[in-house]
Amino acid sequence: MTRATLYGWGRTTASIADVVAPTSDLEVATLLATSNEVIARGLGRSYGDPAQLSGGVVLDNRELGGIGEIDEDGVVAVGAGVSIDDLLTLSIPQGWFVPVTPGTRQVSIGGAIAADVHGKNHHVDGSIANHVLAMRLVTPTGAVTTSPTEDPSLFWATMGGMGLTGVATTVTLRMTRIETDQVLVDTERFADLDGVMAAMAGGDANYRYSVAWVDCMTKGAHMGRAILTRGDHALRADVEKATLKGPKRPKLAVPFDAPSGLLNPLTIKVFNEIWFRSAPKHEVGEPQSLSTFFHPLDGLRDWNRLYGRRGFVQYQFCVPDSQGATVVDAIKRLSGSGVPSFLAVLKRFGPANPGPLSFPMPGWTLALDLPVGPSRLPGVLDDLDEMVIGAGGRIYFAKDARLSPEKVRAMYPRLAEFLEVKNRVDPEHRLTSDLARRLQLTGR
Ligand SMILES: Cc1cc2nc3c(=O)[nH]c(=O)nc-3n(C[C@H](O)[C@H](O)[C@H](O)COP(=O)(O)OP(=O)(O)OC[C@H]3O[C@@H](n4cnc5c(N)ncnc54)[C@H](O)[C@@H]3O)c2cc1C
């Protein structure tokens, strides 16, 4: 066991814990039995504090490895500590892609199910839980195999349960068949937010993958101008030379913390202008590699250091379909405040799954990266919280570092259902985290 300072990806909330990396179900069970307070940690890509526990024990999941054979239906058993990067390195050459991927490959399978991650295909394929057939889960009251049919309430509470129901050790997933390592991408530029939202609402169903980058620094007629990219896996017949190559390794890294003010309204405005103008106005069927389309940020290692020592917060919310006006109001509030947002990503969500804490709901989701620093930032985010609650929406735990217990209860009306399952498998309340303490998700 080593004592370590742990952060989330946004580097805003550090805390010190004893870290240990178990290698088997038995070691996990022993650690759960002998630690007063404990939580699992994957690759630390959550932005806030769910994978850290001040003064407690943190189980680094990276030694829970192993990737089984991928059968002819794409079914594979994967150790919870395996990263999506490692899985894709093995699976793409065999013609399989992960059914759901977040915007980075550097997440573990355990972290992915704990957050019930979504990708650019939620409107078609749902979130990762929809593709999990079974999972081995070590809880404080014993190790179990759980699935949508074996103790379903535990299965669904674990999907999006942020590690608070147990430590997943092996996850059985169904992968997606691919014929090539390319995606055929259509790109369109929109001069304002209404235009891009209308195109997404009307046309996303024709694509498996869809995402829009939105400029939150422009005001007036061009508020929320956007670049929409949508695509589908290329078939062999679609490309000149069909290959199945694994992910590209990053060649560049940010070697040290940038000065904290580097990303300020001026630099972000300039970046956004260049970014917007460099996208084609309208392009159809451009072949892009899987890495370029799904994981562009992975091309630059440690890019979170660009935000400097003060770090950054990510604010991601979703609202029901009928509340698209909230997206417009939120961007108006942000662009009017002068608080800079470096990356703003808009997606559509399809039907929710049964997980009581799973984030997606049918409608819209907007994710904003916001450098810490401007004194107006906390007030702006409080306003956004009220808009989201008023619209019947919610904030994503995997990105959060600042919500309150009261707001969470307004956003997640099925929380009591989750806590009932947690208290059943963890009656002594051993599984907890800095996030669980902050938001009163410990079950006490
Ligand atoms: C650049 C970037 C882009 C992203 N894009 C998206 C996106 O498009 N969609 C999306 O949904 N998310 C996205 N995320 C968020 C990310 O997918 C989640 O935060 C994910 O949970 C991180 O996995 P991790 O392995 O780093 O887990 P950590 O951040 O280390 O932990 C996350 C949670 O998982 C729990 N956990 C870890 N291992 C286990 C285990 N074995 N058993 C039980 N619980 C466990 C932890 O306790 C914690 O609560 C993005 C993050 C980054 C940095």
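Predicted, not measured: the structure shown is a model, and the values here were computed from it.

J.: Looking at this structure, I do not really get the sheet that holds strand β8 (residues 142-146). What am I missing?
T.: The 4 strands are arranged β5-β9-β7-β8 in an open sheet whose pairing can be described as antiparallel. Each edge of the sheet is formed by a strand with only one pairing partner; in this case those strands are β5 (75-79) and β8. With direction set aside, neighbouring strand axes in the sheet form an average angle of 10°. Examined bridge by bridge, strand β7 (residues 132-139) and β8 share 5 bridges and lie antiparallel to one another. Paired with R136 across the strands is T145, a residue of β8. Along the sheet, helix α1 (residues 25-34) contacts β7 and β9 (167-174); its crossing angle with β7, the most-contacted strand, is approximately 45°.

J.: How should I be thinking about the site of the ligand in this particular structure?
T.: The immediate surroundings of the ligand are formed by 36 residues, with A40, G42, R45, S108 and Y396 found nearest. The contact in question runs from an oxygen atom of the ligand to an N or O atom on the side chain of S46, over 2.8 Å. Contact between the ligand and S108: an oxygen atom at 2.6 Å from a side-chain N or O atom of the residue. Taken by itself the ligand offers 970 Å² of open surface, and the protein chains cover 97% of this. Contributions of two or more residues to the shell around the ligand are made by β3 (38-41), α3 (109-115) and β9. Looking at the shell around the ligand element by element, the count peaks at 4 residues for α3. Here the shell around the ligand is composed, by residue class, of 20 nonpolar, 12 polar and 4 charged.

J.: Would you explain the packing of helix α6 (residues 193-203) against helix α9 (residues 324-337) in this entry?
T.: Helix packing geometry: the angle between the two helix axes and the distance between the axes. Where α6 contacts α9, the axes come no closer than 11 Å and their chain directions differ by 150°. With respect to their mutual orientation, α6 and α9 come out roughly antiparallel. Once α6 is placed against α9, the crossing between them reads as right-handed. Touching L193, D194 and M197 of α6 are G324, V327, V328 and I331, all from α9.

J.: Please clarify how the domain arrangement of the protein chain should be interpreted in this entry.
T.: Accessible area lost upon the coming together of the parts is a frequently used measure of interface size. On domain assignment, one finds that the protein chain holds domain 1 (62-178) and domain 2 (182-404). The C-alpha-based centres of domain 1 and domain 2 are spaced at 24 Å. At the junction of the two partners, domain 1 supplies 34 residues and domain 2 supplies 37 residues. For the pair domain 1 and domain 2, the summed buried surface comes to about 3100 Å²; carbon and sulfur atoms form 59% of the total. When the buried area of domain 1 at its contact with domain 2 is split by residue, R105, K120 and H123 rank highest and sum to 25% of it. There are 2 salt bridges connecting domain 1 and domain 2.

J.: Help me out: how do you make sense of the packing of aromatic side chains in this one?
T.: The geometry of an aromatic ring pair comes down to the distance between the two centres and the angle between the two planes. Here the structure, examined in full by the defined rule, presents 15 aromatic pairs. Centroid distance Y47 to F312: 5.6 Å. Interplanar angle 85°. Geometry classified as edge-to-face. Of this pair, Y47 sits in the loop between β3 and β4 (57-60) while F312 is found in strand β17 (residues 312-320), placing the two residues 265 residues apart along the sequence. Of the two residues, Y47 and F312, neither departs from the other in class, the shared state being buried.

J.: Which parts of the structure should I look at to understand the pattern of salt bridges?
T.: Close approach of charged atoms allows side chains of opposite charge to pair. As enumerated under the stated definition, the model contains 29 salt bridges in all. The salt bridge involving D60 is made with R62; its shortest N-O contact spans 2.8 Å. Among the salt bridges present, the one from R230 reaches D204, with a minimum N-O distance of 2.9 Å. Of the two residues, R230 sits in strand β13 (residues 226-233) while D204 sits in the loop between α6 and β12 (209-214), which places them 26 residues apart along the sequence. Of the residues examined, R230 reaches a relative accessible area of 7% and is grouped as buried. Residues participating in the shared-partner salt-bridge network are R11, D257, R305 and R309.

J.: Where do I start with the pairing of β17 in this structure?
T.: Burial runs high along β17: 8 of the 9 residues are buried. One ladder, built from 9 bridges, connects β17 with strand β19 (residues 363-371); its direction is antiparallel. In the strand pairing of β19, C318 is matched with T365. Here β17 runs beside strand β20 (residues 394-395); their pairing, made up of 2 bridges, is antiparallel. Each bridged residue has a counterpart across the sheet, and for C318 the counterpart in β20 is R394.

J.: Help me understand the environment of A237 in this model?
T.: Considering the arrangement of structural elements, one finds A237 in the loop between β13 and β14 (252-253). Given the relative accessible area of 77%, A237 is considered exposed. In the structure, A237 is positioned 53 residues away from L184 in sequence and 12 Å away in space, judged by C-alpha atoms.

J.: Sorry, what's going on with the packing of α9 against helix α10 (residues 377-390) here?
T.: Their axes nearest at 10 Å, the elements α9 and α10 cross at an angle of 170°. Taken together, the axes of α9 and α10 are roughly antiparallel relative to one another. In contact with T326, D329, A330, R333, L334 and S337 of α9, α10 contributes V380, D383, L384 and M387. The residue makeup of the contact of α9 with α10, split by class, is 5 nonpolar, 2 polar and 3 charged.

J.: Is there a simple way to explain the nonpolar core in this structure?
T.: In a soluble, globular protein the nonpolar side chains are often hidden away together inside. If you look at the biggest cluster of nonpolar residues, it comprises 104 residues, and the most contacted ones within it are L173 and L346. Looking at which domains feed residues into this core, each of domain 1 (62-178) and domain 2 (182-404) supplies at least three. Beyond its immediate chain neighbours, meaning those up to four positions away, L346 contacts L193, M197, M200, V211, A212, V214, V327, W364, T365 and L366. Counting residues in each nonpolar core, the second largest holds 11 residues, with V28, V138, V167 and L431 among its members.

Analysis parameters
Residues numbered from 1 in each chain as written. Predicted model: local features only at pLDDT ≥ 70, side-chain atom pairs only at ≥ 80, totals over all residues. Heavy atoms only, no water. Pairing = 2+ DSSP bridges. Helix = DSSP H or I, 4+ residues; strand = E, 2+ residues; numbered from the N terminus. Axes fitted to C-alpha atoms, helices over the stretch in contact; angles between N-to-C directions. Contact = heavy atoms within 4.5 Å. Near = heavy atom within 4 Å. Polar contact = N/O pair within 3.5 Å; in protein donor to acceptor, adjacent residues only side chain to side chain. Areas by Shrake-Rupley, 256 points an atom, 1.4 Å probe, with all protein chains shown as cover. Nonpolar A, V, L, I, M, F, W, Y, C, P; charged D, E, K, R; others polar. Parallel < 35°, antiparallel > 145°, perpendicular 65-115°, else oblique. Left-handed = near helix turned anticlockwise from the far one by under 90°. Domains from an automatic or database assignment. Buried area = accessible area lost by both parts, 1.4 Å probe. Salt bridge = Lys/Arg side-chain N within 4 Å of Asp/Glu carboxyl O. Phe/Tyr/Trp six-rings, centres within 6.5 Å; stacked < 30°, edge-to-face > 60°. Buried < 20%, exposed > 50% of the residue type's maximum accessible area, 1.4 Å probe, protein only. Core = buried A, V, L, I, M, F, W, Y, C linked by side-chain atoms within 4.5 Å.

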